[in-house]
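# Remarks on the overall topology
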Amino acid sequence: MSPPRPPRKGSLLRTLRAVAWSLIGLRKGDQYQRDQETLQPLHIVFVGLVALFVLVLLLIGLVNWIA
């Protein structure tokens, strides 16, 4: 039997930064690995959905401002 894993301790700022870099498409391998070990998947999904929603609202606002 394997030893129990320590609890994940990822901060909100670290989750926001990881999601932002992922949306841009730039991520270093070692940072990705560290994020995978420390960040909670549910937090990443939640922050990702909120970031995507904000991005869509910004794009809609930009189109309405230009048109």
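Residues numbered from 1 in each chain as written. Predicted model: local features only at pLDDT ≥ 70, side-chain atom pairs only at ≥ 80, totals over all residues. Heavy atoms only, no water.

### A few points about the confidence of the model for the protein
The condition is simple: pLDDT gives the predictor's per-residue confidence on a scale running from 0 to 100. Where helices and strands are cited, they refer to DSSP runs of H or I of at least four residues and of E of at least two residues respectively, numbered from the N terminus.
Confidence along the protein averages 85 in pLDDT terms, with 90% of residues attaining 70 or more. By mean pLDDT, the top-scoring element of the protein is helix α3 (residues 41-66) (93), and the lowest-scoring one is helix α2 (residues 29-38) (83).

### Notes on the packing of helix α1 (residues 12-24) against α3
Keep this limit in mind: Only the contacting stretch of a helix is used when fitting its axis, a line to C-alpha atoms as for every element, and angles between N-to-C directions run 0 to 180 degrees. What sets the label is the angle itself: under 35 degrees gives roughly parallel, over 145 gives roughly antiparallel, 65 to 115 gives roughly perpendicular, and the rest give oblique. With the far helix as reference, a near helix turned anticlockwise by less than a right angle produces a left-handed crossing, and one turned clockwise produces a right-handed crossing. Contacts are assigned to residue pairs that have any heavy atoms within 4.5 Å of one another. Under the convention adopted here, Pro, Cys and the residues Ala, Val, Leu, Ile, Met, Phe, Trp and Tyr are nonpolar, Asp, Glu, Lys and Arg are charged, and Gly plus all remaining residues are polar.
Where α1 meets α3, the closest approach of the two axes is 9 Å, and the angle between their N-to-C directions is 60°. Judged by the inter-axis angle, α1 sits oblique to α3. In terms of crossing hand, the pair formed by α1 and α3 is right-handed. When α1 is examined against α3, the residues L12, T15, L16, V19 and L23 are found in contact with a partner set consisting of H43, I44, V47, G48 and A51. In the contact of α1 with α3, the residues fall into seven nonpolar, three polar and no charged.

### Comments concerning the pattern of salt bridges
What counts here: By convention in these notes, a salt bridge is any Lys or Arg side-chain nitrogen within 4 Å of a carboxyl oxygen on Asp or Glu. For every residue, the accessible area obtained with a 1.4 Å probe (protein chains only) is divided by the maximum for its type, and the residue is called buried under 20%, exposed over 50%, and partly exposed between those limits.
All chains considered together, the criterion is met by one salt bridge. One salt bridge connects D35 with R14, and the closest N-O pair in it is separated by 3.0 Å. Within this pair, whereas D35 is found in helix α2, its partner R14 is found in helix α1, the two being separated by 21 residues in sequence. Accessibility expressed as a relative area gives 17% for R14, which makes it buried.

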